[in-house]
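# A structural walkthrough
Okay, here's what each chain looks like letter by letter:
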Amino acid sequence: MTEFWEEVFKKKQEMWGFETAKSTVLACDFFIQQKVKNVLIPGIGYGRNAQIFMDNGMTVTGIEISKTAIDLAHKHFGNDLHIHHGSVTEMPFDDMQYDGIYCYALIHLLNKKDREKLIRDCFNQLTENGFMIFTTVTKQAQIYGHGTCIDKDRFELFGGVKMFFYDRESIQEEFGKAGLFEIKDVMDIYPFYFIKCKK
């Protein structure tokens, strides 16, 4: 996984540009309403979804598997952005508690065991009454069912990316014990679920 993302960021650099993802705008609006002050972003990449939180007075900490992506983030954001280098499967990286955790388009790249660990680890790093938001690809995405099926609703697609496609039932199953209280449909790069949990 590390080699894969290292290669991707080396070749494609800031491949998604710097426009904030639609889901991130929704997450930031929600965090502002809830007076969230510090945010953890697992899988922060080069930081394009961090800016909006920082612009609204939140402190952001990231986790990123690719050293190249971290270097790009520091080039653009300086040292305002603290990023732990490593895989989200190795959480926790600190003993901080966060008011908000935002995980964009990442969880569907993990296998079942790692998805469950990520949800648990994030939930454990929330403050009491803290919120976590996950966005993930749905079965409505045109790429669902493409590539090689490697498990139920999990496929190996273009360039070796392995993706799990959620439906409401699998969200309930995996997030049900982690304070799940809302699932919304959002059109982002693909049809996404916008999943909200509260501790």
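Worth saying up front: this structure is predicted, and the values here are computed from it rather than measured.

Broken down by element type, the chain carries six helices and 10 strands. On the principal axes, the C-alpha backbone points of the chain span a range of 40 × 40 × 30 Å. Buried residues in the chain amount to 53% of all 199 residues. Residue pairs in contact within the chain that sit at least 24 positions apart in sequence constitute 62% of those at least 6 positions apart. Accessible surface, the chain: about 9,500 Å² in total, of which carbon and sulfur atoms supply 50%. A distance of 2 Å separates the average location of the 24 positive side-chain charges in the chain from that of its 28 negative side-chain charges.

To continue, consider the packing of aromatic side chains. The way to describe two aromatic rings as a pair is by their centre distance and the angle between their planes. Applying the stated criterion across every chain yields a total of 14 aromatic pairs. With 5.9 Å between their ring centres and 40 degrees between their planes, phenylalanine 31 and phenylalanine 53 make a pair best called tilted. Here phenylalanine 31, found in helix α2 (residues 22-33), pairs with phenylalanine 53, found in helix α3 (residues 51-55); they are 22 residues apart in sequence, far enough to count as distant. The exposure classification of phenylalanine 31 matches that of phenylalanine 53, with both residues buried. Each ring, one from tyrosine 166 and one from phenylalanine 175, has its centre 6.2 Å from the other, and the planes form 50 degrees; the classification is tilted. For the residue pair tyrosine 166 and phenylalanine 175, the accessibility class agrees, reading buried in each case. Three or more aromatic residues link up through ring pairs in this structure, and these residues are Phe30, Phe31, Phe53, Tyr102, Tyr104, Phe131, Phe181 and Phe192. When the ring centre of phenylalanine 164 is taken as reference, the NZ or CZ atom of arginine 115 above it lies at 3.7 Å.

Attention now moves to the sheet that holds strand β10 (residues 191-198). The mixed open sheet is built from seven strands, whose spatial order is β3-β2-β1-β4-β5-β10-β9. Whereas interior strands pair on both sides, the edge strands pair on one side only; in this sheet they are β3 (82-85) and β9 (180-187). Here the strands of the sheet are splayed against their neighbours by 15 degrees on average, with no regard to which way each runs. Here five bridges tie strand β1 (residues 38-42) to strand β2 (residues 59-64), and the two strands are oriented parallel to one another.

On to the pairing of strand β6 (residues 148-151). Two strands pair when backbone bridges link them, and β6 and strand β7 (residues 154-156) are joined in this way by three bridges, in the antiparallel orientation. If you follow threonine 148 over to β7, its bridge partner there is glutamate 156. The hairpin formed by β6 and β7 contains two residues between the paired strands, and aspartate 153 there has a positive phi angle of roughly 60 degrees.

Moving on, we get to the packing of helix α5 (residues 112-124) against helix α6 (residues 168-175). Remark: α5 packs on α6, axes separated minimally by 10 Å, with the N-to-C direction vectors making an angle of 60 degrees. Considering the angle they form, α5 stands oblique to α6. Note on element contacts: α6 touches α5 through Glu173, Glu174 and Phe175, opposite Lys112, Arg115 and Ile119. Its residues assigned to classes, the contact of α5 with α6 shows two nonpolar, no polar and four charged.

Let's shift gears to the nonpolar core. Core analysis: the largest hydrophobic core is formed by 64 residues, its most contacted members being Phe31, Phe53, Leu81, Leu118, Met132, Phe134 and Phe175. Looking at which element gives the most residues to this core, the answer is strand β5 (residues 126-137), with six residues. Apart from residues no more than four positions distant in its own chain, leucine 81 is found in contact with Ile44, Gly47, Ala50, Met54, Val60, Ala73 and His74.

Criteria and cut-off values
- Residues numbered from 1 in each chain as written.
- Predicted model: local features only at pLDDT ≥ 70, side-chain atom pairs only at ≥ 80, totals over all residues.
- Heavy atoms only, no water.
- Helix = DSSP H or I, 4+ residues; strand = E, 2+ residues; numbered from the N terminus.
- Buried < 20%, exposed > 50% of the residue type's maximum accessible area, 1.4 Å probe, protein only.
- Contact = heavy atoms within 4.5 Å.
- Areas by Shrake-Rupley, 256 points an atom, 1.4 Å probe, with all protein chains shown as cover.
- Lys, Arg positive; Asp, Glu negative; His and termini not counted.
- Charge placed at Lys NZ, Arg CZ, Asp CG, Glu CD.
- Phe/Tyr/Trp six-rings, centres within 6.5 Å; stacked < 30°, edge-to-face > 60°.
- Lys NZ or Arg CZ within 6 Å of the ring centre and 35° of its normal.
- Pairing = 2+ DSSP bridges.
- Axes fitted to C-alpha atoms, helices over the stretch in contact; angles between N-to-C directions.
- Parallel < 35°, antiparallel > 145°, perpendicular 65-115°, else oblique.
- Nonpolar A, V, L, I, M, F, W, Y, C, P; charged D, E, K, R; others polar.
- Core = buried A, V, L, I, M, F, W, Y, C linked by side-chain atoms within 4.5 Å.

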